[in-house]
Amino acid sequence: MDFASLATEYQETFDAAPERVFFSPGRINLIGEYTDFNGGHVFPAAISLGTFGAFTKRDDRTVRMYSANLPKAGVITWSLDDLKYDKAASWTNYFKGMLFELAKQGKSIDHGFDLFVHGNLPDGSGLSSSASVEMLMGEILLKAYDMDISRVELVKVGQQVENDYLGLNTGIMDQFAVGMGKKDQAILLDTNTLKYEYAPVKMGDYVVVIMNTKKRRELTDSKYNERRAQCEEALRRLQTKLDIKTLGDLNGDEFDENSYLVNDDILIKRARHAVVENQRTLRAYKALQANDLETFGKLVNASHISLHYDFAVTGKELDTLVEAAWAQPGVLGARMTGAGFGGCAIAIVKEANVDTFEQTVGKVYEDAIGHPAEFYIAHLDDGPRELTK
């Protein structure tokens, strides 16, 4: 998708040419799952799939929005004078939410806009379409409205939209990965302090393949909030004797030595995953820095095992894809990515083997699940940006 095709689609909807065109990526998380709300590290990257927006500023305070992905919703219209959450505003609440949360900080815009949105992220895939559209709004505010705000602050506002405006208990990883992405690099982010480092992802003869279960996952419908509550309760019990702020403050040995304080099978499993996954993420970062793809792949595998047995968020579809991937030649590692319960997994595959890999894993999956999976090569990309003609 490029400037010209977006401009044509915009013209067909709003009977005029757009002034500007923007793009905001989706994201994958290489490793570090369910650590972001536990004060641990994550290791995500922005990808070349994402959300495009063709934009024109208006003279009044009206906002008109249309999504090529949801044509039945038609053009959705609202006013800058009423930014409260409105169920009827449907998907545009992510954009309204950004403006609402920024207005609470004294930052607002005077003129409305027309916006045509077209995303090429698979629907419900867990590649973070919500953060993509939030950061698309952020990029529009930076470039079209010259809003005086940093990208890191926009990332924080995106999380506030999810937590406060929409009522989802999400961490900050998705918005950070999208908003701060760099081409061919992943971000090691300490979610406790927001300290971050970029790491070049040099795959050599290997590529990252995204495997989409095509099973929709909705955070509100999943057990995400339950897992978060379980981790918080485990932390509360540990804090009766330990001076820690998050589960990310512990290493594996420290957790083992103090797990008697938790004294509950399920809570111990949930907390153990958060603690050990954080340590795995730090080791994975060092392995990539050392160009040790073999070790990186083993850590990726271990992450999936932990998410399956300790955190119980994988499910039949993801397990089928990942276990089929493990059995293929030229695969260094595979794991679910995102919140689980459907969505996507990733595999590190020798580039020469990709076609055979997709055919073989695809057949195993369709035979077991009854519908086909989808496969994409994940190109690590820059964060939100304006596109030129």
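Residues numbered from 1 in each chain as written. Predicted model: local features only at pLDDT ≥ 70, side-chain atom pairs only at ≥ 80, totals over all residues. Heavy atoms only, no water.

- Per an unreviewed UniProt entry, the chain goes by Galactokinase and derives from Candidatus Levilactobacillus faecigallinarum.
- Listed in UniProt under the heading Subcellular location (unreviewed entry), the comment for the chain reads: "Cytoplasm".
- Note on the chain: under the UniProt heading Catalytic activity (unreviewed entry), the record states "alpha-D-galactose + ATP = alpha-D-galactose 1-phosphate + ADP + H(+)". (UniProt positions renumbered as here; feature names shortened; annotations may be inferred.)

## Details of the layout of surface pockets
Then, in step 1: Each pocket or cavity is described by its volume, and for the second largest pocket that value is around 180 Å³.
Then, in step 2: What lines the second largest pocket is Asp184, Val201, Met203, Gly204, Tyr206, Val207, Val208, Glu351, Ile377, Ala378, His379 and Leu380.
Then, in step 3: The element contributing the most residues to the lining of the second largest pocket is strand β9 (residues 206–212), with three residues.
Then, in step 4: Each residue belonging to the lining of the second largest pocket can be placed in one class, and the counts come to eight nonpolar, two polar and two charged. (1 Å grid on protein atoms, 1.4 Å probe; cavity = no way out; pocket = protein on both sides within 12 Å on 5 of 7 lines; lining within 4 Å. Points joined across faces, edges and corners; volume = space filled by probe spheres on them. Helix = DSSP H or I, 4+ residues; strand = E, 2+ residues; numbered from the N terminus. Nonpolar A, V, L, I, M, F, W, Y, C, P; charged D, E, K, R; others polar.)

## Examining helix α1 (residues 3–14)
Then, in step 1: The end-to-end C-alpha separation of α1 is 16 Å, in line with the 16 Å expected for twelve residues at 1.5 Å each.
Then, in step 2: Here α1 has its buried residues at Phe3, Leu6, Ala7, Tyr10 and Phe14. Axial view of α1: buried residues confined to an arc of 100 degrees, hence all on one face.
Then, in step 3: In this structure, the buried residues of α1 make contact with β1 (20–29), β3 (44–57), β4 (62–67), β6 (113–119) and β13 (385–387). (Expected span 1.5 Å × (residues − 1). Buried < 20%, exposed > 50% of the residue type's maximum accessible area, 1.4 Å probe, protein only. Arc of directions from axis to C-beta. Contact = heavy atoms within 4.5 Å.)

## A few points about the sheet that holds β6
Then, in step 1: Pairing in this open sheet of six strands is mixed, and the strands run β5-β4-β6-β3-β1-β13 from one edge to the other. Whereas interior strands pair on both sides, the edge strands pair on one side only; in this sheet they are β5 (76–79) and β13. Across this sheet, the average inter-strand angle for adjacent strands is 30 degrees, counted without regard to direction.
Then, in step 2: In this sheet, β3 lies alongside β1 in antiparallel orientation, the contact comprising nine bridges. Within β3, the position partnered with isoleucine 28 by the bridge is alanine 45.
Then, in step 3: Together, β1, β3, β4, β6 and β13 form the strand contacts of α1, whose direction differs from that of β6 by roughly 125 degrees.
Then, in step 4: Taken strand by strand, helix α3 (residues 129–143) contacts β1, β3, β6 and β13, and its axis lies near 140 degrees from that of β1. (Pairing = 2+ DSSP bridges. Axes fitted to C-alpha atoms, helices over the stretch in contact; angles between N-to-C directions.)

## Section: the UniProt feature "site: Transition state stabilizer" (unreviewed entry) in the chain
Then, in step 1: Mapped onto this numbering, the UniProt entry gives "site: Transition state stabilizer" (unreviewed entry) at Arg27.
Then, in step 2: Relative accessible area serves as the criterion here: at 3%, arginine 27 is assigned to the buried category.
Then, in step 3: Arginine 27 has contacts with Pro44, Ala45, Ala46, Ile47, Gly126, Leu127, Ser128, Met173, Asp174, Ala177, Val178 and Gly338, leaving out every residue within four places of it along the chain.

## Quick look at empty space enclosed by the protein
Then, in step 1: Per the stated rule, a full pass over the model turns up two cavities of 30 Å³ or more.
Then, in step 2: Reported here for the largest cavity is a volume of approximately 40 Å³.
Then, in step 3: If you trace the largest cavity, you find it lined by Met135, Gly138, Glu139, Leu142, Arg151, Leu154, Val155, Gly179 and Pro384.
Then, in step 4: Secondary structure elements with two or more residues in the lining of the largest cavity: α3 and α4 (151–165).
Then, in step 5: Residue contributions to the lining of the largest cavity peak at four residues, all from α3.
Then, in step 6: Tallied by class, residues from the lining of the largest cavity come to five nonpolar, two polar and two charged.

## Some remarks on the pattern of salt bridges
Then, in step 1: A full pass over the atoms with the stated rule returns 23 salt bridges.
Then, in step 2: Taking the shortest distance from any N to any O, the salt bridge between aspartate 174 and arginine 27 comes out at 2.7 Å. Of this pair, aspartate 174 sits in helix α5 (residues 173–179) while arginine 27 sits in strand β1, and the two are 147 residues apart along the sequence. Here the two residues aspartate 174 and arginine 27 agree in accessibility, since each one is buried.
Then, in step 3: Close ionic contact of arginine 151 with glutamate 139 constitutes a salt bridge, the shortest N to O distance being 2.7 Å. Of this pair, arginine 151 sits in helix α4 while glutamate 139 sits in helix α3, and the two are twelve residues apart along the sequence.
Then, in step 4: Residue class for glutamate 139 comes out buried when judged on its relative accessible area of 0%. (Salt bridge = Lys/Arg side-chain N within 4 Å of Asp/Glu carboxyl O.)

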